[in-house]
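# Secondary and tertiary structure notes
Spelled out, the chains give:
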Amino acid sequence: MSRTHKKLKMSNVEKIALKSSSFREIYPPKEKIPTIVVENFPALGKLAAMRFLEWAQNNPGGVVSLPTGKTPEHFIKWVTELLNNWDGENARKILEESGVDPAKKPDISSLHFVQIDEFYPINPWQQNSFYSYVNEFYMDDFGFDREKALLIDATKIGLKKGESLKDVWPEQTVDLSLRYRSAKTILEEKQQAMLAEVDQWCQQYEEKIRALGGIGFFLGGIGPDGHIGFNVRGSDHYSTTRLTETNYETQAAAATDLGGIEISKNRLVITIGLGTITYNPKCAAIIIAAGEAKAGIVSTAVQESPNIMYPGTALHQLKNARFYITRGATKLMEQRQLQIVDDCQEISDPMVEKVLIDLSYRQNKRLVDLDKNDVDTDPLVKNVLKKRPESLEELAKGVRDRLIERIEKGSEALSKTRFLHTEPHHDDIMLGYLPYVVRNSRDASNQHHFLCLTGGFTSVSNAFMLKQLKKLEKFIISPECRELLDEDYFEPNNKESRDRDVWKYLDGIAGKSIDTQEEGEARRLLRNLMEVYEENDLEQIKNRMKELEHYFLTEYPGKKDLSHIQALKSMCREWEAECIWGYLGWMGKNIDHLRLGFYTGDIFTEEPTIERDAMPIVRKLREIKPHVVSVAYDPEASGPDTHYKVLQSISEALKRYVKESKRKNIKVWGYRNVWYRFHPSEANIYVPVSINMFAIMQDAFVNSFISQKDASFPSYEHDGPFSELAQKIQVEQYRKLKVCLGKKWFHENPSPLIRATRGFVFLNEMSLDEFYKSSRELKQQIENR
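Thresholds, definitions, all that
- Residues numbered from 1 in each chain as written.
- Predicted model: local features only at pLDDT ≥ 70, side-chain atom pairs only at ≥ 80, totals over all residues.
- Heavy atoms only, no water.
- Helix = DSSP H or I, 4+ residues; strand = E, 2+ residues; numbered from the N terminus.
- Rg over C-alpha atoms; globule rule 2.2 N^0.38 Å.
- Buried < 20%, exposed > 50% of the residue type's maximum accessible area, 1.4 Å probe, protein only.
- Contact = heavy atoms within 4.5 Å.
- Areas by Shrake-Rupley, 256 points an atom, 1.4 Å probe, with all protein chains shown as cover.
- Lys, Arg positive; Asp, Glu negative; His and termini not counted.
- Charge placed at Lys NZ, Arg CZ, Asp CG, Glu CD.
- Pairing = 2+ DSSP bridges.
- Axes fitted to C-alpha atoms, helices over the stretch in contact; angles between N-to-C directions.
- Phe/Tyr/Trp six-rings, centres within 6.5 Å; stacked < 30°, edge-to-face > 60°.
- Lys NZ or Arg CZ within 6 Å of the ring centre and 35° of its normal.
- Right-handed = clockwise from strand over helix to strand, strands pointing away.
- Patch = residues over 30% accessible without salt bridge, like charges linked within 9 Å, V, L, I, M, F, W, Y side chains within 5 Å.
- Salt bridge = Lys/Arg side-chain N within 4 Å of Asp/Glu carboxyl O.
- 1 Å grid on protein atoms, 1.4 Å probe; cavity = no way out; pocket = protein on both sides within 12 Å on 5 of 7 lines; lining within 4 Å.
- Points joined across faces, edges and corners; volume = space filled by probe spheres on them.
- Nonpolar A, V, L, I, M, F, W, Y, C, P; charged D, E, K, R; others polar.
- Bend = angle between axes of the 7 residues up to and from the residue.

### Describing the overall build of the chain
The helix and strand tally for the chain stands at 31 helices and 17 strands. The C-alpha radius of gyration of the chain comes to 28 Å, within 12% of the 28 Å expected for a compact globule of 785 residues. Expressed along its principal axes, the backbone C-alpha trace of the chain runs to roughly 80 × 75 × 60 Å. Across the 785 residues that make up the chain, the buried fraction comes to 59%. At a minimum sequence separation of 6, the contacts of the chain that also span at least 24 residues come to 78%. For the chain, the computed accessible surface area is about 32,800 Å², with 48% contributed by carbon and sulfur atoms. Across the chain, the mean location of the 108 positive side-chain charges is 5 Å away from that of the 114 negative side-chain charges.

Here it is as C-alpha cells:
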C-alpha cells in the first residue's frame with residue numbers, strides 16, 4: 001500500500017541523516033517506500049549501525065534479524081566499535097551527532113536473534129556457512145545471547161544419532177522432486193524422509209518466530225535479481241520459512257562463498273520468507289544498497305507496485321520499512337533525478353549529454369533528429385533543457401559533436417608515453433580496455449608497465465589446482481625437466497627463465513600443441529613450488545605435491561586457504577597476467593605483482609593503510625615515472641570491494657608521489673569492466689573495437705586466464721567467461737552511440753577503423769585533481785572509523 005510523506009514517522013537517527021542529505025525521504029506517489037541517501041558505502045554502514053543501536057535502546061527484548069555476506073561490513077565494524085567503547089569520549093560524540101542517546105547503552109543480550117538464511121546441506125562449522133558467520137560477528141562480537149537465538153544448523157535437522165549430512169546427501173545435492181515422486185532406491189528413501197524432516201523443521205522455525213511476535217528489526221542487502229534473504233525474483237510475498245532452490249543470479253553471487261558456481265548451482269537454501277519479515281506490522285525493515293550497479297533493482301523495489309517479480313515491494317506494507325542507499329543507486333529514481341536538476345544553479349554539459357543520449361536511445365532517433373514532442377515525453381529532459389539558454393537543436397548538435405570528438409580521441413594512439421596500467425585483479429585491465437592497450441602498444445616509443453595489486457587467490461578453485469598438479473606430475477619425471485634443472489633454469493633470480501616459461505606456453509598456443517602449453521604451465525608451477533617451499537630437490541617437491549593433492553581433495557571449497565596455499569594460487573594468477581601481456585610482447589620486467597596486504601581472503605578484507613598498501617605503489621611510481629596511470633574506477637564500491645580499496649590506495653600513492661616529484665601533469669585513466677559501467681556522458685575517450693579485436697580478446701582470455709575460462713566465479717549477468725560479458729557490454733555501448741549518431745555515420749565513414757567498429761570501450765581521462773575529488777582519502781577514512 002502507498003503512503004504519503006505526511007504520514008511518515010522517521011526516527012531521530014533518520015531525521016539527522018536526512019538533514020545532511022539533498023533528498024527528501026520519499027517522493028510520492030511514484031515512490032512507495034522511504035529512502036535515505038548517503039554519499040558512500042562506509043557511510044551506509046554507519047547509518048544502518050546507528051539506526052540499529054537506536055532501535056535496540058528502545059526495544060529491549062525485541063527480535064532482530066541481521067544480514068550475512070560482505071554488504072554489512074561497515075555496519076558490523078561500527079556497531080562493534082561503539083559497543084566496545086560506549087563510554088569513551090569519541091564514541092559518545094559520534095553517537096550524539098548521529099541521534100543516538102549515549103547515556104543508554106543497549107542491552108544486546110536481551111534481544112532475540114533470528115538467522116535469515118543458510119545454504120543446505122552445509123556443515124555449520126565451515127567458515128563459509130552463515131551459521132559460522134552469525135556466531136562470529138553477531139553472537140561473539142555484538143554479544144547476543146545464544147540461548148535466545150534461532151539459528152539454522154543443518155546437523156540438527158532430521159539426522160539420526162551417528163548420522164552425518166554426507167550419509168544422506170553424499171553428492172551434496174538435494175532433489176526436491178522427492179517431495180512429490182516415489183523414491184527409487186534405499187538412498188532416495190532416506191533422502192525423502194530427510195526432506196520431510198527439513199520441511200517440518202522450517203514450519204516450526206516459522207512458528208517460533210511468530211510466537212515471539214515476529215521480527216522487530218530486519219536489516220538486509222538486496223541481491224542482483226532483487227532478492228531479500230534468499231527470496232528470489234518470483235517469490236510469494238506471503239512466503240514463510242522454507243527449503244528452496246535459487247536462480248542463476250543468486251548462484252553466481254554465492255559462487256565465491258561456496259568455492260565456485262559448480263557448487264552453488266547444486267546447493268539449496270533455507271530462508272525465512274517475505275511473509276516472515278512482514279508478519280510484525282511494526283517491523284523496522286531496512287534494505288541497504290550501494291552504487292549504480294544496484295540502481296535498477298532499487299528503483300523497482302521502491303517505485304513499482306507490489307509484484308512477485310520485485311521481492312522488495314513486499315516491504316511496502318510496513319510503515320517502518322526503509323531503503324538506505326548511496327547516491328549512485330538513485331540514478332533510476334525519477335523524482336530524485338528531478339530533485340538534482342531542481343537544486344542545480346547551472347546545468348552542466350555532462351547532465352545535458354546524459355538526458356539527451358538517453359532520450360535519443362529510448363526514442364530510437366539520432367540526437368539531431370530529436371524534437372519538442374520527444375522532449376515532452378520525459379519530465380527530466382524538459383527540466384534540464386529549461387535551465388539552459390540554448391535551443392534543443394544547438395544542444396543536440398553540441399552533444400553529437402562531443403561524441404564524435406571522443407571517438408576520434410579513442411581512435412588515435414599516443415607516442416613517447418610511459419603508461420602504468422594498474423588492476424585490482426589480474427584480468428581487470430584486459431576486460432576493461434584491452435583494445436586501447438593494443439592500440440598504444442604498436443608505437444615502439446611507448447613504454448608499458450602493468451601493476452597487479454592483489455593476490456587474486458580467491459578466484460582460483462581447488463579443482464583447478466588439482467589439474468595443474470597433474471600436469472606437473474607428468475613433466476617432473478621427464479628428461480626435459482632434468483636438463484632444465486641442471487642448467488639452473490629454476491634458480492629464483494633467473495628472470496630470463498621466467499620469461500621462457502611464458503614463451504614456451506605461447507609457442508604451444510601458436511602451434512596448437514597441448515603438450516607444449518602444458519610444459520610451459522608445469523615449468524612455472526615447479527618454479528612456484530620451489531619458491532614457496534624453499535626446496536629444489538625434486539623428491540622433496542614430489543612429497544609436497546602429494547600433500548597439496550590431499551589438501552585440494554579434502555578441504556571444502558570456499559574455505560580460507562593457508563598462507564602458502566594463498567601464495568601458490570596468487571602465483572597462478574600472476575602467471576596468467578604475464579601470459580596475457582606476453583601476447584603483446586611485454587616481458588616480466590614490465591609486469592609487477594604487489595599482493596597488497598589488505599587482501600587477506602577474509603570475509604571482510606582489511607582497510608588499506610598508507611604504509612602497507614599505498615607506499616609500495618609510491619615506490620613503483622618513483623621507478624616508472626608514468627605520464628598516464630590507469631585505475632579501476634569504482635568510487636562507490638559497486639563492484640568487488642577490492643576495487644574500492646585499491647582505488648583509495650592508488651589515490652593516496654599519487655598524492656604522495658606528486659608532492660615529492662612535483663609532477664602534476666600525470667593523467668589518470670578511469671576504466672570499468674564487467675562489474676561497473678560508464679554512461680557515455682561520464683567518459684571522454686571512446687575506443688572503437690572491431691570484430692577482429694573481439695576475436696583477439698576471446699582467444700587471449702581463454703588461453704591466458706586458464707583458471708577463469710570455466711567461469712567458476714562468473715558475473716550474475718552472464719553464465720560464461722568474463723570475456724564474453726565484456727564483449728556484450730562493449731557491443732551495447734556501440735549500439736547506443738550508433739543510435740545517437742546514426743548508422744550512416746558509421747557505415748559510410750571515410751575511416752575503415754570506424755566502418756569496422758562493432759563495439760566501444762569507454763574511458764574517463766582525468767586530471768589528478770579530478771581523480772582526487774572522486775576518491776576518499778585514506779587518512780580521513782581511518783580517522784572516522
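Additional details are given in the paragraphs that follow.
### Notes on the sheet that holds strand β7 (residues 242-244)
Reading across the sheet, the three strands line up as β4-β8-β7 and stay open at both edges, with antiparallel pairing between neighbours. In this open sheet, the two strands that pair with only one neighbour each are β4 (117-120) and β7. Across the sheet, the mean angle separating the axes of adjacent strands is 25 degrees when strand polarity is ignored. The sheet contact formed by β7 and strand β8 (residues 268-271) spans three bridges and is antiparallel. Along β8, the bridge assignment pairs Arg242 with Thr271.

### A few points about the packing of aromatic side chains
Using the criterion set out here, one finds 38 aromatic pairs in the structure. Here Phe130 and Phe230 contribute two aromatic rings whose centre-to-centre distance is 6.2 Å and whose plane-to-plane angle is 20 degrees, an arrangement assigned as stacked. Taken together, the residues Phe130 in helix α5 (residues 130-140) and Phe230 in the loop between β6 (217-220) and β7 connect sequence positions 100 residues apart. Overall, Phe230 belongs to the buried group, its relative accessible area being 6%. Three or more aromatic residues joined by ring pairs form one cluster here, namely Phe52, Trp55, Phe75, Phe113, Tyr133, Phe137, Tyr138, Phe142, Phe144, Phe217 and Phe604. The positively charged end of Lys655 is found above the aromatic ring belonging to Tyr772, 5.3 Å away from the centroid. When the ring centre of Tyr676 is taken as origin, the NZ or CZ atom of Arg672, which lies over that ring, is 4.1 Å away.

### Observations regarding the pairing of strand β9 (residues 284-289)
Summarising burial for β9: six of the six residues are buried, a large majority. Taking every second residue as pointing to the same face, both faces of β9 are buried, with Ala284, Ile286 and Ile288 on one and Ala285, Ile287 and Ala289 on the other. As defined by bridge partners, β9 adjoins strand β10 (residues 322-326) across four bridges and the pair is classed as parallel. If you follow Ile288 over to β10, its bridge partner there is Tyr324. Regarding topology, helix α11 (residues 295-303) serves as the crossover connection from β9 to the parallel β10, and that connection is right-handed.

### A look at a positive patch on the surface
Judged by side-chain charge, Lys9, Lys15, Lys19, Lys282 and Lys319 come together as a positively charged surface patch. One can find Lys282 in the loop between α10 (274-278) and β9. Among the residues examined, Lys282 registers a relative accessible area of 59% and is labelled exposed.

### Remarks on the layout of surface pockets
Considering only enclosed or pocket space, the second largest pocket measures out at about 1,300 Å³ in volume. Around the second largest pocket sit 41 residues that line it, and Glu292, Arg327, Lys331, Tyr633 and Glu682 are the ones nearest its centre. Secondary-structure elements contributing two or more residues to the lining of the second largest pocket are α12 (334-343), α13 (349-363), α15 (379-386), β17 (757-766) and α30 (768-774). Top element by residues in the lining of the second largest pocket is α13. It accounts for five residues.

### Focus: unusual backbone geometry
Of the consecutive residues Pro28 and Pro29, the connecting peptide bond is found in the cis state with omega at 0 degrees. Along the polypeptide, Pro29 turns up in the loop between α1 (12-19) and β1 (35-38). Each neighbour pair has its own omega, and for Tyr120 with Pro121 the value is -5 degrees, a cis peptide bond. Counting through the fold element by element, Pro121 comes out in the loop between β4 and α5. Positive phi, normally seen in glycine, also occurs at Gln172, with a value near 60 degrees. Looking at where Gln172 falls in the secondary structure, it is placed in the loop between α6 (165-168) and α7 (186-211).

### Description of empty space enclosed by the protein
Scanning all chains against the criterion turns up five cavities of 30 Å³ or more. If you add up the space inside the largest cavity, you get close to 120 Å³. Looking at the lining of the largest cavity, the elements with two or more residues in it are α17 (428-441), α27 (722-741) and β17. Here the second largest cavity is characterised by a volume of approximately 80 Å³. Lining the second largest cavity are Phe464, Gln468, Glu521, Arg524, Leu525, Asn528, Met571, Cys572, Trp575 and Ile706. Of all the secondary-structure elements, those providing two or more residues to the lining of the second largest cavity are α18 (462-475), α21 (514-533) and α23 (563-582). Per-element tally for the lining of the second largest cavity: the top contributor is α21, with four residues. Considered class by class, the residues forming the lining of the second largest cavity number six nonpolar, two polar and two charged.

### Some thoughts on the side chain of Asn673
By the secondary structure assignment, Asn673 is in the loop between β15 (667-671) and β16 (685-690). Asn673 has contacts with Asp428, Leu431, Gly432, His643 and Ile729, leaving out every residue within four places of it along the chain.

### Notes on α17
Considering bend angle alone, the principal kink of α17 is centred on Leu434 and spans about 80 degrees; proline Pro435 follows within four residues of it. Burial within α17 is extensive, with 14 of its 14 residues counted as buried.

### Focus: the environment of Ser239
Tracing the backbone shows Ser239 in the loop between β6 and β7. The buried category is assigned to Ser239, whose relative accessible area is 9%. When the C-alpha positions of Ser239 and Glu480 are compared, they lie 63 Å apart, and in sequence the two are 241 residues distant. Those residues in contact with Ser239 that lie beyond four places of it in its chain are Asn231, Gly273, Leu274, Gly275 and Thr276.

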